[in-house]
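The residues making up each chain are set out below.
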Amino acid sequence: MKTLTTTVARLAKSIGREVRLMEVCGTHTMVAFRTGLRQLLPANVKLISGPGCPVCVTDTSFIDAAIELSRRPGVVVATFGDLLRVPGSTSSLEAERAAGANIRIVYSASDALVLAKESPSRQVVFLGVGFETTAPTVAWNIWTAAHDGVKNFSVLCAHKTMPRVMEALLKDREVNIDGFLCPGHVSVITGAQMYEFIAAQYHKPCVVAGFEAWDMMKCVAMLLQQIADGVAKVEIEYSRSVTPQGNRVAQQVLAEVFEECDASWRGVGTIPGSGLAIRPRYAAHDACQALGVAFKEAKVNPACGCGDVLRGVLTPPECRLFGRACTPISPFGPCMVSSEGTCAAYYRYEQKVAA
């Protein structure tokens, strides 16, 4: 690490200006804070957190729809634990569960499918959130439910894909990004080649990073080297797991069950082609189609700065709620709720409270 730190310092000095590098992976965010990586970077190299937390970017309207489902008789809502405490417009899944709603915490879509098989008289709805990392497993369980004739299993889908939100940030005039630390888990599935258009069209370096502090520092050094050389290309630091082509089998499963759609991102808005919708041939396992669920306009707390934090234009301490009204015990937004949220990372590891 010492040699890498020296290399980063030398490259930063040679560039001679502020460099803003964005990580778009929630795990990278937590590693950077937990290990103190930011404190090892030169003053002119800023590591900023982007929309890499799947829970954080999930729109309030999705939470409201999940809450509405949980209030229906005979419905079991199966969800990852991180979603429980995310505030909706007027309630949360945690509050509904305390009031008696049948909401189960599961660790995978497979757990929800097993639950459906064990409870044939109930409709089991899995809350599908996440990027290309988790979407293949959800697709596989939808396919399995269809082929096994499990009619009481469906998915409320809010899956998103990474490349288009990265492009949207580059087009945002409030956001200034010099390069991306690309997400390792996502890239295992998609392959690194999906970032090629960012380097080619927007001239921004991209390096796929692993999940140790050493990986991330090596990634920073690789990005700075590209910037110093005046080039923009896609490189793989996490070569022990990521290839240019990715996992073809997982990609085939995704293509079989899902199709591209427009998706709403918290703080960013609707991005064309950035979401995954369940194909019509699997409509029986699409909660929106099978159970008549609709996403309605949601009420968002105007004081919550989550949206700007997710875009990298605001740090958590700059939000007037951070550390005061908004804490892990009483969160106002998902960035303080999720284990991968930037606000939660700041609160836990930086211990900086807005003045």
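Residues numbered from 1 in each chain as written. Predicted model: local features only at pLDDT ≥ 70, side-chain atom pairs only at ≥ 80, totals over all residues. Heavy atoms only, no water.

## As for the packing of helix H1 (residues 2-15) against helix H12 (residues 213-229)
Okay, so step 1: Orientation of H1 relative to H12, taken along the N-to-C sense of each, is 25°, at an axis distance of 9 Å. Taken together, the axes of H1 and H12 lie roughly parallel to each other. Two packed elements cross with a definite hand, and for H1 against H12 that hand is left-handed. Within the contact between the two elements, H1 uses Leu4, Thr5, Thr7, Val8, Leu11, Ala12, Ser14 and Ile15 and H12 uses Trp214, Met217, Lys218, Val220, Ala221, Leu224, Gln225, Ile227 and Ala228.
Okay, so step 2: Looking at the contact of H1 with H12, its residues break down into twelve nonpolar, four polar and one charged. (Axes fitted to C-alpha atoms, helices over the stretch in contact; angles between N-to-C directions. Helix = DSSP H or I, 4+ residues; strand = E, 2+ residues; numbered from the N terminus. Parallel < 35°, antiparallel > 145°, perpendicular 65-115°, else oblique. Left-handed = near helix turned anticlockwise from the far one by under 90°. Contact = heavy atoms within 4.5 Å. Nonpolar A, V, L, I, M, F, W, Y, C, P; charged D, E, K, R; others polar.)

## Regarding the sheet that holds strand S3 (residues 75-79)
Okay, so step 1: On the basis of which strands lie adjacent, the open sheet formed by four strands has the order S4-S3-S5-S6 and parallel pairing. Edge strands, defined here as strands with exactly one partner in the open sheet, are strand S4 (103-105) and strand S6 (153-159). Adjacent strand axes in the sheet meet at a mean angle of 25°, parallel and antiparallel pairs treated alike.
Okay, so step 2: Across four bridges, the pairing between S3 and strand S5 (residues 123-130) is parallel. Bridge assignment links Val77 to a residue of S5, and that residue is Val125. (Pairing = 2+ DSSP bridges.)

## Here's the deal with the pairing of strand S11 (residues 269-278)
Okay, so step 1: The pairing of strand S10 (residues 258-265) with S11 spans seven bridges and is antiparallel. Bridge pairing links Phe258 to Ile278 in S11.

## With respect to the nonpolar core
Okay, so step 1: By size, the foremost hydrophobic cluster in this structure holds 71 residues, and its most contacted members are Leu83, Leu156, Met166, Phe180 and Tyr195.
Okay, so step 2: At six residues, the largest contribution of residues to this core is made by helix H5 (residues 60-70).
Okay, so step 3: Listed in part, the 28 residues of the second largest apolar core include Val124, Phe126, Cys157 and Tyr282. (Core = buried A, V, L, I, M, F, W, Y, C linked by side-chain atoms within 4.5 Å. Buried < 20%, exposed > 50% of the residue type's maximum accessible area, 1.4 Å probe, protein only.)

## Considerations on the pattern of salt bridges
Okay, so step 1: For the structure on display, the rule yields 14 salt bridges.
Okay, so step 2: Two residues, Glu23 and Arg38, come together in a salt bridge whose shortest N-O distance is 3.6 Å. Residue Glu23 is found in strand S1 (residues 19-23), and its partner Arg38 is found in helix H3 (residues 37-40); the two are separated by 15 residues along the sequence.
Okay, so step 3: Owing to a relative accessible area of 0%, Glu23 belongs among the buried residues under this scheme.
Okay, so step 4: The exposure class assigned to Arg38 is buried, which follows from its relative accessible area of 15%.
Okay, so step 5: Several salt bridges converge on common partners, so that one network encompasses Asp172, Glu174, Asp308 and Arg311. (Salt bridge = Lys/Arg side-chain N within 4 Å of Asp/Glu carboxyl O.)

## Some details on the state of the cysteines
Okay, so step 1: Counting across every chain of the model gives one disulfide.
Okay, so step 2: Here Cys53 is linked by a disulfide to Cys56, with a sulfur-sulfur distance of 2.5 Å. Note on the Cys53 and Cys56 pair: the S-S dihedral is about 70°, so by sign convention the disulfide is right-handed.
Okay, so step 3: Judged by relative accessible area, which is 3%, Cys53 ranks as buried.
Okay, so step 4: Judged by its relative accessible area of 0%, Cys56 is buried.
Okay, so step 5: There is no disulfide at Cys304, and the cysteine sulfur nearest it, in Cys306, is 3.8 Å away. (Disulfide = S-S within 2.5 Å.)

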